[in-house]
Structure formats: C-alpha cells, structure tokens
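As a plain string of letters, each chain reads:
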Amino acid sequence: MTNATIQIRTDAAVKEEADSIFAGLGITMSDGINIFLRQVQIHKGFPFEVRLSRPATESDRQTTEERLAHIRSLAGKYGDCSFSTERLFEERLRDRKRENAK
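Residues numbered from 1 in each chain as written. Predicted model: local features only at pLDDT ≥ 70, side-chain atom pairs only at ≥ 80, totals over all residues. Heavy atoms only, no water.

Caption draft 1: Region of the structure containing the overall build of the protein. Each helix and strand counted, the protein has five helices and zero strands in total. Seen in sequence order, the protein has helices and strands lined up from the N terminus as α-α-α-α-α. Within the protein, the proportion of its 102 residues that are buried is 2%. Of the accessible surface of the protein, which amounts to about 10000 Å², a share of 55% is contributed by carbon and sulfur atoms. (Helix = DSSP H or I, 4+ residues; strand = E, 2+ residues; numbered from the N terminus. Buried < 20%, exposed > 50% of the residue type's maximum accessible area, 1.4 Å probe, protein only. Areas by Shrake-Rupley, 256 points an atom, 1.4 Å probe, with all protein chains shown as cover.)

Caption draft 2: Fine view of helix 1 (residues 12-25). Look at helix 1: 20 Å from first C-alpha to last across 14 residues, which is about the 20 Å you get at 1.5 Å a residue. Gly26 occupies a position one or two residues after helix 1 and carries a positive phi of about 80°. (Expected span 1.5 Å × (residues − 1).)

Caption draft 3: A nonpolar patch on the surface, seen in detail. The grouping of Ile6, Ile8, Ile33, Phe36, Leu37, Phe46, Phe48 and Val50 at the surface amounts to a nonpolar patch, some 770 Å² of accessible area in total. Secondary-structure assignment places Val50 in the loop between helix 2 (29-43) and helix 3 (58-61). Overall, Val50 belongs to the exposed group, its relative accessible area being 53%. (Patch = residues over 30% accessible without salt bridge, like charges linked within 9 Å, V, L, I, M, F, W, Y side chains within 5 Å. Salt bridge = Lys/Arg side-chain N within 4 Å of Asp/Glu carboxyl O.)

Caption draft 4: The pattern of salt bridges, seen in detail. The final tally for this structure, using the stated rule, is two salt bridges. A salt bridge links Asp95 to Arg94, with the nearest nitrogen and oxygen atoms 3.7 Å apart. Measuring nitrogen to oxygen at the nearest pair gives 3.7 Å for the salt bridge that ties Asp95 to Arg98. Of this pair, Asp95 and Arg98 both sit in helix 5 (residues 85-101), three residues apart, which is roughly one turn of the helix. Asp95 sits in the partly exposed class, given a relative accessible area of 27%. Taking relative accessible area as the criterion, Arg98 reaches 48% and is therefore assigned partly exposed. What emerges from the salt-bridge pattern is a single network uniting Arg94, Asp95 and Arg98.

Caption draft 5: Examining the packing of aromatic side chains more closely. Enumeration according to the criterion identifies three aromatic pairs in this entry. Measuring from centroid to centroid gives 6.4 Å for Phe36 and Phe46, while their planes differ by 45°, and the two rings are tilted. Of this pair, Phe36 sits in helix 2 while Phe46 sits in the loop between helix 2 and helix 3, and the two are ten residues apart along the sequence. Take Phe36: its relative accessible area is 32%, and that puts it in the partly exposed class. Counting every residue linked through ring pairs, the aromatic cluster contains Phe36, Phe46 and Phe48. (Phe/Tyr/Trp six-rings, centres within 6.5 Å; stacked < 30°, edge-to-face > 60°.)

Here is the structure:
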C-alpha cells in the first residue's frame with residue numbers, strides 16, 4: 001500500500017475537539033480521517049445522511065403561544081378531553097368487554 005498525503009483546512013476549534021475525541025478513543029487524527037474515508041468507500045458516498053433542511057412550513061412559523069391559543073380555542077368543541085387515568089382504564093375495560101361480547 002502506497003501512502004498519500006491529504007492537506008485540509010478546518011476551523012481550529014473543530015480540529016482541537018476532534019483531536020480530543022480521537023485521543024479519548026485511543027486513535028490519532030489520521031486514524032479518524034482514514035476510518036471516515038474507508039466508510040465512504042464502503043457506502044459509496046457519505047456514511048451518514050447529507051441533505052438540505054426541509055423548507056419551513058406555515059405551522060413551523062407559528063409561535064408556541066399561537067399554537068396554545070389554537071388548542072384552547074378548541075376546548076369544548078370535542079367533548080371532555082381531560083380525564084383521569086382511572087377513567088381511561090375504565091373506558092378501555094368497557095370497550096374490551098363490548099368487543100368480547102360480540
């Protein structure tokens with residue numbers, strides 16, 4: 001195997017943190033980069049998903065306060081949605097009894 005040299009530029013803080021992480025793993029920066037390059041070979045591309053973030057939708061732009069106000073405006077329209085765990089289990093037991101009676 002013939003060695004090749006790669007020269008890159010990166011942010012100093014990124015390099016320092018990566019070097020520290022690699023040291024904690026017991027490998028060198030060179031080992032870490034070689035592992036990445038081998039993974040690129042194996043995957044025939046990046047070994048992780050690389051994509052642009054999805055465009056923001058209108059609902060993404062809503063503030064938490066707007067969402068809460070909308071939820072509060074629905075109160076009473078769909079019956080009582082706040083009940084105890086006991087009531088939830090009672091209703092589930094009733095539903096199972098109905099299903100078994102069929």
